[in-house]
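For reference, the chains in residue letters:
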Amino acid sequence: AQRVTQPEKLLSVFKGAPVELKCNYSYSGSPELFWYVQYSRQRLQLLLRHISRESIKGFTADLNKGETSFHLKKPFAQEEDSAMYYCAVGGSTLGRLYFGRGTQLTVWP
Amino acid sequence: DSGVTQTPKHLITATGQRVTLRCSPRSGDLSVYWYQQSLDQGLQFLIQYYNGEERAKGNILERFSAQQFPDLHSELNLSSLELGDSALYFCASSVERGGTDTQYFGPGTRLTVL
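Quantities reported herein were computed from a predicted structural model and do not represent experimental measurements.

**Let's talk about the state of the cysteines**
What the rule picks out here adds up to two disulfides over all chains. One disulfide in the model links Cys23(A) with Cys87(A); its S-S distance is 1.9 Å. Here Cys23(A) and Cys87(A) share a disulfide; its torsion about the S-S bond, -60°, makes the bridge left-handed. One end of the pair, Cys23(A), is in the loop between β3 (19-21) and β4 (24-25); the other, Cys87(A), is in strand β9 (residues 83-90), and 64 residues separate them in sequence. The burial state of Cys23(A) is the same as that of Cys87(A); both residues are buried. There is a disulfide in this structure between Cys23(B) and Cys91(B), and the S-S distance comes to 1.7 Å.

Right, here's the structure in full:
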C-alpha cells in the first residue's frame with residue numbers, strides 16, 4: 001500500500017510567488033515526517049523533519065494528523081529552490097522510511 | 001557531504017554484463033538502504049540491511065542481490081543487465097533499524113547499460 005502520496009509530479013511557480021508542495025501519508029501509528037530535496041539529480045538531502053520544527057531555507061511544514069498531511073510551504077520562492085522534493089513517512093512499527101514519488105519544482109525568473 | 005560514500009561514480013557497461021556497486025555508510029550507522037532512481041519511475045526502494053542481516057525488501061529484481069559485510073559496507077550486485085537497468089543507484093544509511101531514523105544518502109552511482 002502506498003504510504004505517501006505527492007499528487008503533483010510537476011509544479012511551476014514564478015520567483016517571489018508562494019509555493020506549496022503537497023504530501024499526504026497513511027500510517028495508523030504516530031508518524032515521523034520528512035522532506036528531502038534533490039538538486040539536479042545529486043544526492044538527496046534532508047530538508048526538514050517535523051519533529052525538529054525547524055525552518056530551513058525559508059521552508060516550513062506542518063503536520064496535520066487530522067488530514068494526514070505534511071505540506072511543504074515557502075512564502076516567496078527563489079530560483080535556487082528549483083529541485084525535486086520528496087516527502088517521506090516513518091514510524092516505530094514501519095522499520096524504514098517510505099518515500100513518495102516526488103514533486104519537481106521549477107521556479108521561473 | 002553526508003558521510004556516505006559510493007563507488008564508482010559512473011559505470012558504463014553492456015547488456016548481459018554484471019556489475020557491483022559499493023557503499024560505505026556513515027561512521028556508526030548500522031542500516032544500509034539501496035534505491036534505484038530512473039527518470040520514469042522515481043525513487044524505488046530496493047533493499048535494506050541492518051548490521052549484516054537483510055531487513056526489508058522492496059522492488060528488487062531477482063537479477064539483483066546485495067549484502068552487508070562485517071565492516072558494514074554494502075555491495076549491490078546487478079547481473080544480466082538490461083537497457084532498462086540504466087539508472088541512478090543511491091545508497092543511504094541510518095543509525096538504527098530505520099523506522100524513525102533520518103536516512104543519509106550517498107552521491108549515487110550512475111549506471112548506463114548500452
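**Concerning the interface of chain A and chain B**
Bring the parts together and some accessible area is lost; that lost area is often taken as the interface size. If you look at the interface, chain A gives 19 residues, while chain B gives 30 residues. Taken over both partners, the interface formed by chain A and chain B buries close to 1900 Å², and the fraction arising from carbon and sulfur atoms is 49%. Of all residues in chain A, the largest losses of buried area upon contact with chain B belong to Arg41(A), Arg43(A) and Arg96(A), amounting jointly to 40% of the total for that side. Linking chain A to chain B there are six residue pairs in polar contact (both at pLDDT 80 or more). Sorting the residues of the side of chain A that touches chain B by element identifies β5 (32-38), β6 (45-49) and β9 of chain A as the ones contributing at least two each. With four residues, the top contributor of residues to the side of chain A that touches chain B is β5(A).

**Notes on the packing of aromatic side chains**
Evaluation of the coordinates by the stated rule reveals 10 aromatic pairs over all chains. Aromatic pair Phe90(B) and Phe105(B): ring centres 6.3 Å apart, planes at 80°, arrangement edge-to-face. With Phe90(B) in strand β9 (residues 87-94) and Phe105(B) in strand β10 (residues 104-105), the pair connects residues that are 15 residues apart, well separated along the chain. Cation over ring: Arg3(A) sits above Tyr98(A), and NZ or CZ is 5.0 Å from the ring centre.

**Overview of the pairing of strand β5 (residues 42-50) of chain B**
Residue and element names in this part refer to chain B. Among the nine residues in β5, nine count as buried, and that is most of the element. Both strand β4 (residues 31-38) and β5 contribute to a ladder of eight bridges, which runs antiparallel. Each bridged residue has a counterpart across the sheet, and for serine 31 the counterpart in β5 is tyrosine 50. Between the antiparallel neighbours β4 and β5 lie three residues. Hairpin connection of β5 to strand β6 (residues 53-57): two residues between the antiparallel strands, including asparagine 51 at a positive phi of 50°.

**Quick notes on the nonpolar core**
Judged by nonpolar contacts, the single largest core of 26 residues is most densely connected at Trp35(A), Leu72(A) and Tyr85(A). Looking at this core, the elements with two or more residues in it are β2 (10-14), β3, β5, β6, β8 (69-74), β9 and β11 (103-108) of chain A. It is β9(A) that provides the largest number of residues to this core, a total of four residues. In this structure, Val4(B), Cys23(B), Ile47(B) and Cys91(B) belong to the second largest nonpolar core, which totals 20 residues.

**Some details on the pattern of salt bridges**
Within the structure shown, the criterion is met by seven salt bridges over all chains. Asp81(A) is paired through a salt bridge with Lys74(A); the nearest N and O atoms lie 2.8 Å apart. With a shortest N-O distance of 3.7 Å, Glu82(B) and Arg63(B) are connected by a salt bridge. In this pair, Glu82(B) sits in the loop between β8 (74-78) and β9 while Arg63(B) sits in the loop between β6 and β7 (64-68), placing the two residues 19 residues apart along the sequence.

**Here we look at the sheet that holds strand β3 (residues 19-24) of chain B**
Whenever strands of a sheet pair, they do so through backbone hydrogen bonds, lying parallel or antiparallel. Residue and element names in this part refer to chain B. In spatial order, the strands read β1-β3-β8-β7; together these four strands make up an open sheet with antiparallel pairing. Edge positions in the sheet fall to β1 (5-7) and β7, since each has one partner strand and no second. For this sheet the average axis-to-axis angle between neighbouring strands, irrespective of direction, equals 15°. Where β7 meets β8, five bridges bridge the pair, whose relative direction is antiparallel. From the neighbouring strand, glutamine 67 faces β8, where its bridge partner is glutamate 75.

What counts and how
- Residues numbered from 1 in each chain as written.
- Chains lettered and ligands numbered in written order.
- Predicted model: local features only at pLDDT ≥ 70, side-chain atom pairs only at ≥ 80, totals over all residues.
- Heavy atoms only, no water.
- Disulfide = S-S within 2.5 Å.
- Helix = DSSP H or I, 4+ residues; strand = E, 2+ residues; numbered from the N terminus.
- Buried < 20%, exposed > 50% of the residue type's maximum accessible area, 1.4 Å probe, protein only.
- Contact = heavy atoms within 4.5 Å.
- Buried area = accessible area lost by both parts, 1.4 Å probe.
- Polar contact = N/O pair within 3.5 Å; in protein donor to acceptor, adjacent residues only side chain to side chain.
- Phe/Tyr/Trp six-rings, centres within 6.5 Å; stacked < 30°, edge-to-face > 60°.
- Lys NZ or Arg CZ within 6 Å of the ring centre and 35° of its normal.
- Pairing = 2+ DSSP bridges.
- Core = buried A, V, L, I, M, F, W, Y, C linked by side-chain atoms within 4.5 Å.
- Salt bridge = Lys/Arg side-chain N within 4 Å of Asp/Glu carboxyl O.
- Axes fitted to C-alpha atoms, helices over the stretch in contact; angles between N-to-C directions.

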